[in-house]
Each structure stands twice: as C-alpha cells, then as structure tokens.
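Residues per chain are reported as follows:
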Amino acid sequence: MIHFLNLIRWKNLLMIAIMQYLIKYALLLPFSESHGVVTTLSHFNFFLLVLATLLIAAAGYVINDIQDIETDRINKPNKLIINKYISEKDATTLFMVLNIVGVGLGFYLTYSIGKTSFFAIFFIASALLYIYSTSLKQIAIVGNAVVSLVVALSILLVGVFELIPAINASNEAVQTTFINVIKDYAIFAFMINLVRELVKDLEDIEGDQKAEIETLPVVLGRERANKIVFLISLVPILSITYYVVTYLFKQLTVVGYFLILVIAPLIYASIKLFNAKDKAEYKHISLIYKLVMLSGMLSLLLYNFILK
C-alpha cells in the first residue's frame, strides 16, 4: 500500500486537495453572506470536483514514473517503485483506470450542473499530463511550464466551477472580484512550481543526460542553467512583494505573514540557489519551494482580515 501511495505522490495530492478546499471554505463560503458571493456546487459535487482533479493528477504521476524508469535508476535509485515493487504492466493499468475514472467523474459533474462544455478542462488536463510525460518534458522549459500550468489549472478549476455558472447581472462585480483573487493564487502557484521544476532539473542532470532528455541544465550545462534559474527565481519574489505592497499594505498581520512565511523563504531559496552545486543543495531548495507553496495557499485563511 505504501508503494502505491508513493507512486501517486500522495503528499502532492494532499496539497492539491488542501488548496481547493481552502478556496471554497476559507475564501468563497465565508463571504457568501457579507459580500454576496454565490457558489454553484453542493458539498458533494465539490468533493467530486476535488476527487476528479486528484485522480487525473495521480494518473499523471504514474505515467511520469513509467516514462522515467531509466532516469530514476540513476537519479533516485532509493525511490524507484516501477519494476521494483509494482510491475510496469500493473502501473500502466493503474494509469488508465485513474484517468478513465477521473475524466468520467469530470463529465458527470459538468453534466449535473448543466455546463457540459467545462468537460474539456478535464480532458485537456489529462492529455497535457500524458503528453508532458511522453514528449514535452524532453523540451527545455516547455515541459516545466506545462506541468506548472496544470498545477495552476487545479486552482482555477474552483473559480470556474463555483463562480462562473452563478454569475448574473446583479452579482457580476462581486463574482469577478473573487475570480480575480483565485486567478492571482493560480499565477502564484504557476511561478513557484515553475522554479521548483527547474531546480529539480538541476538536481537530476546526471540521469537526464544519460537518458538524453534535453532539460535546461542538459542543454546549457549546470552552471549556466543555474544562473538562469536564479534570475527566474527573482520573478516570484518581486511579483509577490509588489502585490503585498500594492494591495495588502493596510493589513499589518497579513503583510507580516507574507514577509515571514512567503517572501523571506523565497529570498533564502534564491540565495542558496545562487551558490548551489550538488544534488543535496538542490533537493533542499526544492523542499523550500514546496513549503512556500503550502504557506502561500494557507494565506487564504487570512481573507477575513483582508476583506473586512
């Protein structure tokens, strides 16, 4: 059981679920009375939305591990699961089942709320994860951007399903305001995840070289790629600082939260990245970005202060 959970990256799936539940229960529902926010999904239908998202994401992790068998033997020999604990055939079957059930739930959900056109989102996400694992990940930057886009999409999904179907002439301004907040968090997730994916490529350069996967470090060399990733890592620092200064400066508690738990760790990660040279350092930096993603999403709990 533990090998199955590790194969589908249960910790990452848990983070996705936390992000989606925070958006509904910490951002949208608390303001349904005070600000007139109207949501579409019942508690059960929202559960189905989260479950469909998690199943499709899990399928993406499985196909990624199937495609990475050779590189993982070099980069992560202690974490190898396929053909060690779970056969490639069983993993392929699991990938298909997770995808079919996830996309099927997505269709049922879109049909039940009368928005069958939204089904395309689940299909596109599933297809992107498959194409990423089988071909796009071998293209420098493009693969990193695609997987980060899917992470951002998992956040946007909540706004698309909860707010857009309920928009009418009387609540359009309020609904749009909250859609924009969700969009800002999706952009945050995209930026953080993109840097983290690039750092992971720096960490895995040896295996990627032998597998002839053209990641940024393989194409440019670790030293030059490291400098580029360092420069890219400054973008979320500057963007989030600008956002806090521009929109949140009146709430000292919120400003303090972002400074201590988001901006400071990002600065620390960039400083470490500037001088990083070995696998252990890149692994540490990757963990920092993962924790920042979590602390950033937990800031949704502060919106009772922000939107008084």
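Residues numbered from 1 in each chain as written. Predicted model: local features only at pLDDT ≥ 70, side-chain atom pairs only at ≥ 80, totals over all residues. Heavy atoms only, no water.

Please explain the nonpolar core as it appears in this structure.
A general tendency of soluble globular proteins is for nonpolar side chains to be buried together. Counting 95 residues, the largest nonpolar core has Leu 27, Leu 28, Val 62, Ile 155, Phe 161, Phe 258 and Leu 300 as the members making the most contacts within it. The element contributing the most residues to this core is helix H3 (residues 43-67), with 14 residues. (Core = buried A, V, L, I, M, F, W, Y, C linked by side-chain atoms within 4.5 Å. Buried < 20%, exposed > 50% of the residue type's maximum accessible area, 1.4 Å probe, protein only. Helix = DSSP H or I, 4+ residues; strand = E, 2+ residues; numbered from the N terminus.)

Teacher, can you tell me more about a nonpolar patch on the surface here?
There is a patch of nonpolar side chains on the surface, built from Trp 10, Leu 14, Ile 18, Leu 298 and Leu 301 and spanning about 420 Å² of accessible area. In terms of residues, the nonpolar patch owes the most to one element, helix H2 (residues 10-28), which gives three residues. Structurally, Leu 14 is set in helix H2. For Leu 14, a relative accessible area of 44% puts it in the partly exposed group. (Patch = residues over 30% accessible without salt bridge, like charges linked within 9 Å, V, L, I, M, F, W, Y side chains within 5 Å. Areas by Shrake-Rupley, 256 points an atom, 1.4 Å probe, with all protein chains shown as cover. Salt bridge = Lys/Arg side-chain N within 4 Å of Asp/Glu carboxyl O.)

Explain the packing of helix H11 (residues 222-247) against helix H12 (residues 252-275) here, please?
In a packed pair of helices, the relevant descriptors are the angle between the two axes and the axis-to-axis distance. Between H11 and H12, the shortest axis-to-axis distance is 9 Å and the interhelical angle comes to 170°. With respect to H12, the element H11 is oriented roughly antiparallel. The handedness of the crossing between H11 and H12 is left-handed. The residues of H12 that touch H11, namely those facing Asn 226, Val 229, Phe 230, Ser 233, Leu 234, Pro 236, Ile 237, Ile 240, Thr 241 and Val 244, are Val 255, Phe 258, Val 262, Ile 263, Leu 266, Ile 267, Ser 270, Leu 273 and Phe 274. A breakdown of the residues in the contact of H11 with H12 according to their chemical character gives 15 nonpolar, four polar and no charged. (Axes fitted to C-alpha atoms, helices over the stretch in contact; angles between N-to-C directions. Parallel < 35°, antiparallel > 145°, perpendicular 65-115°, else oblique. Left-handed = near helix turned anticlockwise from the far one by under 90°. Contact = heavy atoms within 4.5 Å. Nonpolar A, V, L, I, M, F, W, Y, C, P; charged D, E, K, R; others polar.)

Looking at this model, I keep getting lost on H3. Mind explaining?
Given 3.6 residues per turn, any residue in an α-helix points the same way as the ones three and four places further on. For H3, with 25 residues, the first-to-last C-alpha span of 36 Å sits near the 36 Å given by 1.5 Å per residue. In terms of burial, H3 is largely enclosed, as 19 of its 25 residues are buried. (Expected span 1.5 Å × (residues − 1).)

Before we go on, may I ask you to explain the side chain of Asn 12 in this structure?
If you trace the backbone, Asn 12 turns up in helix H2. We classify Asn 12 as buried; its relative accessible area is 16%. Only 2.7 Å separates the side chain of Asn 12 from the side chain of Lys 290, close enough to count as a polar contact. Those residues within four positions of Asn 12 in sequence are excluded, and the remaining contacts are Tyr 61 and Lys 290. (Polar contact = N/O pair within 3.5 Å; in protein donor to acceptor, adjacent residues only side chain to side chain.)

Where do I start with the pattern of salt bridges in this structure?
Opposite charge on two side chains permits them to pair, given that their charged atoms come into close proximity. The final tally for this structure, using the stated rule, is five salt bridges. In this structure, the salt-bridge partner of Arg 9 is Asp 65, at a minimum N-O distance of 2.7 Å. In this pair, Arg 9 sits in the loop between helix H1 (2-7) and H2 while Asp 65 sits in helix H3, placing the two residues 56 residues apart along the sequence. Residues Lys 24 and Glu 162 are paired through a salt bridge, measuring 2.6 Å at the closest nitrogen-oxygen approach. One end of the pair, Lys 24, is in helix H2; the other, Glu 162, is in helix H7 (residues 142-162), and 138 residues separate them in sequence. Owing to a relative accessible area of 0%, Glu 162 belongs among the buried residues under this scheme.

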